[in-house]
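Topology and contacts: notes
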2 protein chains.
Amino acid sequence: MILTVTLNTALDLTYRVPALTPHASHRVTQVIERPGGKGLNVARVLAALGYETVVTGFAGGATGEVLRGHLAGLPLTDALVTSAGPTRRTVAVVDTSTGDTTQLNEPGPALTSAEWSAFTGHYAGLLADGADAVALCGSLPPGIHVGAYAELIRLARAAGVPVLLDTSGEPLRRGIAARPDLVKPNADELAQLTGSREPHRATRDARRRGAHAVVSSLGPEGMLAATPDGVWQAAPPAAMKGNPTGAGDSAVAGLLSGLVDGLPWPQRLARAVALSAATVLSPVAGEFDRSAYEGLLPRVTVTERAEAA
Amino acid sequence: MILTVTLNTALDLTYRVPALTPHASHRVTQVIERPGGKGLNVARVLAALGYETVVTGFAGGATGEVLRGHLAGLPLTDALVTSAGPTRRTVAVVDTSTGDTTQLNEPGPALTSAEWSAFTGHYAGLLADGADAVALCGSLPPGIHVGAYAELIRLARAAGVPVLLDTSGEPLRRGIAARPDLVKPNADELAQLTGSREPHRATRDARRRGAHAVVSSLGPEGMLAATPDGVWQAAPPAAMKGNPTGAGDSAVAGLLSGLVDGLPWPQRLARAVALSAATVLSPVAGEFDRSAYEGLLPRVTVTERAEAA
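Residues numbered from 1 in each chain as written. Chains lettered and ligands numbered in written order. Predicted model: local features only at pLDDT ≥ 70, side-chain atom pairs only at ≥ 80, totals over all residues. Heavy atoms only, no water.

Comments concerning the interface of chain A and chain B
Each partner contributes to the interface: chain A provides 29 residues, whereas chain B provides 29 residues. Summing the contributions of chain A and of chain B, the shared interface buries around 2,400 Å²; its carbon and sulfur component is 58%. Considering only the side of chain A, the residues that lose the most area to chain B are A:His23, A:Arg89 and A:Leu104, jointly responsible for 25% of the buried surface there. Inspection of the chain A/chain B interface yields 2 salt bridges. The salt bridge involving A:Glu33 is made with B:Arg89; its shortest N-O contact spans 3.0 Å. (Contact = heavy atoms within 4.5 Å. Buried area = accessible area lost by both parts, 1.4 Å probe. Salt bridge = Lys/Arg side-chain N within 4 Å of Asp/Glu carboxyl O.)

Written out as structure tokens, the structure reads:
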């Protein structure tokens, strides 16, 4: 099974309004409520692809119960730990006229060190319980120490489970130093980590900081991978128009499933790029369009580059 | 006891952000969650003033349960009816730097005609169960017919219970025709109803449409009352600076409690204006500052006007 960890799960609300005007009052014309947090998004894609998937992290309060109610309808296993504090909400306000989105993210519950200790034990148990790979995804909730991902990476490595890290800022910096198998930064995360906006240089720099492989998102232009086996660039057949929400999470699902399937890097990257593009094309934010995925997969171009990783 | 009706209750969320920027992502620095909907706000003020208060209307779903959990901590009686659809949320996004607020209101659950019938029976029972006055407050949820308030006003009049209506648009227009004892429009509601922005003319016009008395809010300048006993204007000692959220609901609580106490109009108006001003001054949106209220009450000026009501 594939395990995904979401320490700061969320109840994601999408509000449609004709146009958001600061300091005015708006009637929301449509409300969509979904389980959220990057690791849950990754798990939803993995489950839709048919992989046995387990989600863990924290959920609490009334919002946590609603979240778990939504998860109960999906083909995945809920191994979330109950926190005393309530699960946060995120609100995406979409302007109906243009599709532009304004995002409001609650901070999440303040977790105690006792809750964190209980979680690490639970997580170690899940790793030992037949995990083929684990993804650590998203921001840290308040109260969790900044080296939390580094701690979870060391536990995965000790258990012999390949570990992917997808986060940003200081948790990413600390996490990389704990030598994860793979990190998947986007351009902003990479620039914040390395100080460089030149993707080739920044990706190689990120790898030198400790990650075995780095797959950087180049946005609509695809992905760049620096790995022990070489450097590849993967691109979709054309830039996709649509909603990029969740495209990065779908890419993580592609990379993780490719790893578990033992695919060589070019095929893993093709899968990640096709899933990501099929998510941008989907009319529902964060879902991928399966027929678009199947159509795109053979049309992704993967080019090996001569440079040193 | 005093009964307040909130057909479209809400879980009110207040999000603090440094400044709301359309199409950007925001970390919410503070989340406040409160029971909402105008009738619940009125009830909270009445309960704080020591009146025996009962709230009814609809609540449903996970948000409805959270709402009722909040009500359980207040000195009032929860006589809400459970709806199949979930209670809506409202989100007030407050810019920390300026205090400016952007409001996002979910529409609320679509209620069925069976739910409406069950409610009217329940409401009639509460009227018969010793209600001294009833306030009908706020917008109608989807699925409720536009004459709903007119129907509730006729039931109150049949039961001999004085009834106050505080709503807007077509529900106000239809409600007034059913001859409520009191309506409390603000300037916009009055203009929408009568076509006039001249408060004296518009207030008299509203009264001719069927309400026994009309108390119009003049914003920071106080209130104007056209009643069977005469016409009065009431003003606070100075324009108050602060957050006007809930000021109108506090005014309703003042008018309703003054009616139940059998106060003459000038004293009812003084109470309404002082409570409203003390709500603007409160640091917590929708709460009133009790010492400010007590200090303001004797300083409200009420002037009788010679014109015909």
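Some words on the packing of helix α5 (residues 169–177) of chain B against helix α6 (residues 187–194) of chain B
Residue and element names in this part refer to chain B. Running from amino to carboxyl end, α5 crosses α6 at an angle of 70°, the nearest separation of the two axes being 10 Å. Comparing their axes, α6 and α5 come out roughly perpendicular. The interaxial crossing formed by α5 with α6 has right-handed handedness. Across the interface between the two elements, Gly-169, Leu-172, Arg-173 and Ile-176 from α5 touch Glu-189, Gln-192 and Leu-193 from α6. For the contact of α5 with α6, a count of residues per class yields 3 nonpolar, 2 polar and 2 charged. (Axes fitted to C-alpha atoms, helices over the stretch in contact; angles between N-to-C directions. Helix = DSSP H or I, 4+ residues; strand = E, 2+ residues; numbered from the N terminus. Parallel < 35°, antiparallel > 145°, perpendicular 65-115°, else oblique. Left-handed = near helix turned anticlockwise from the far one by under 90°. Nonpolar A, V, L, I, M, F, W, Y, C, P; charged D, E, K, R; others polar.)

Quick word on helix α9 (residues 265–281) of chain A
Under the 1.5 Å per step criterion, the end-to-end length of α9(A) is 24 Å for 17 residues, consistent within 8% with the ideal 24 Å. In terms of burial, α9(A) is a largely internal element, 14 of the 17 residues being buried. (Expected span 1.5 Å × (residues − 1). Buried < 20%, exposed > 50% of the residue type's maximum accessible area, 1.4 Å probe, protein only.)

Points about the relation of the copies chain A and chain B
For the pair chain A and chain B, the relating rotation is 180°, the translation along its axis is 0.0 Å, and the fit reaches an RMSD of 0.0 Å. Such a combination of rotation and displacement between the chain copies is what one expects of a two-fold axis. Of the residues that chain A buries at the interface, 100% are likewise interface residues in chain B, meaning the two copies contact each other through the same surface. (Least-squares fit on C-alpha atoms with pLDDT ≥ 70 in both.)

Re the sheet that holds strand β9 (residues 101–105) of chain A
Taken together, 5 strands build an open sheet; the order of strands is β4(A)-β2(A)-β8(A)-β9(A)-β3(B) and the sheet is mixed. The two strands at the open ends of the sheet, each matched to only one other strand, are β4 (30–36) of chain A together with β3 (25–27) of chain B. Recorded for the sheet is a direction-independent mean angle of 15° between the axes of neighbouring strands. Running at roughly 85° to β4(A), helix α2 (residues 61–71) of chain A makes contact with β2 (10–17), β4 and β8 (88–95) of chain A of the sheet. (Pairing = 2+ DSSP bridges.)

Quick word on the UniProt feature "domain: Carbohydrate kinase PfkB" (unreviewed entry) in chain A
Mapped onto this numbering, the UniProt entry gives "domain: Carbohydrate kinase PfkB" (unreviewed entry) at residues 11–285 of chain A. Helix and strand shares over residues 11–285 of chain A are 39% and 25% respectively, and the end C-alpha atoms of the span are 14 Å apart. (UniProt positions renumbered as here; feature names shortened; annotations may be inferred.)

Let's talk about the packing of aromatic side chains
With the rule as written, the count across this model stands at 8 aromatic pairs over all chains. An angle of 25° between the planes, with centres 6.0 Å apart, marks the rings of B:Phe119 and B:Tyr123 as stacked. Of this pair, B:Phe119 and B:Tyr123 both sit in helix α3 (residues 113–128), 4 residues apart, roughly one helical turn. Given the relative accessible area of 0%, B:Phe119 is considered buried. Ring centres of B:Phe288 and B:Tyr293 lie 6.0 Å apart, and the angle between their planes is 85°; this geometry places the pair in the edge-to-face category. Residue B:Tyr293 is classed as buried on the basis of its relative accessible area, which comes to 8%. Aromatic rings pair up to connect A:Phe58, A:Trp116, A:Phe119 and A:Tyr123 into one cluster. The ring of A:Trp265 is capped by A:Arg268, whose NZ or CZ atom sits 4.4 Å from the centre of that ring. (Phe/Tyr/Trp six-rings, centres within 6.5 Å; stacked < 30°, edge-to-face > 60°. Lys NZ or Arg CZ within 6 Å of the ring centre and 35° of its normal.)

Some words on the side chain of B:Ser217
Residues and elements named next belong to chain B. Within the secondary structure, Ser-217 sits in strand β13 (residues 213–217). Polar side-chain contacts of Ser-217 include one of 3.2 Å to the backbone nitrogen of Gly-219. In this view, Ser-217 contacts Lys-184, Pro-185, Asn-186, Ala-187, Gly-222 and Met-223; residues no more than four positions away in its chain are not counted. (Polar contact = N/O pair within 3.5 Å; in protein donor to acceptor, adjacent residues only side chain to side chain.)

Section: the pattern of salt bridges
By the definition in use, this model includes 20 salt bridges over all chains. One salt bridge in this structure joins B:Asp205 and B:Arg209, with 3.2 Å as the shortest N-O distance. Owing to a relative accessible area of 19%, B:Asp205 belongs among the buried residues under this scheme. Judged by its relative accessible area of 34%, B:Arg209 is partly exposed. Among the charged side chains, a network of salt bridges with common partners joins A:Glu33, B:Arg89 and B:Glu106.

A short note on the pairing of strand β2 (residues 10–17) of chain B
All names here are of chain B. Among the 8 residues of β2, 6 are classified as buried, and the element is accordingly described as predominantly covered. Of the strand pairs in this sheet, β2 and strand β4 (residues 30–36) are connected by 7 bridges, and their pairing is antiparallel. Across the sheet, residue Asp-12 finds its bridge partner in β4, namely Arg-34. In terms of strand pairing, β2 meets strand β8 (residues 88–95) through 8 bridges, oriented parallel. Paired with Thr-14 across the bridge in β8 is Ala-92.

Here's the deal with the environment of B:Ser83
Residue and element names in this part refer to chain B. By the element assignment, Ser-83 lies in the loop between β7 (81–82) and β8. Given the relative accessible area of 4%, Ser-83 is considered buried. The spacing of Ser-83 and Gly-60 is 23 residues in sequence and 4.7 Å in space, taken between C-alpha atoms.

What to know about the sheet that holds β4(B)
In spatial order, the strands read β3(A)-β9(B)-β8(B)-β2(B)-β4(B); together these 5 strands make up an open sheet with mixed pairing. If you trace the sheet from one side to the other, it starts and ends with β3 (25–27) of chain A together with β4 of chain B, each paired once. Taking each pair of neighbouring strands and ignoring which way they run, the sheet shows an average axis angle of 15°. Bridging between β8(B) and strand β9 (residues 101–105) of chain B involves 5 bridges; their strand directions are antiparallel.

Let's talk about unusual backbone geometry
Here A:Arg179, not a glycine, exhibits a phi torsion of approximately 65°, which is positive. Mapped onto the elements, A:Arg179 comes out in the loop between α5 (169–177) and β12 (182–183).

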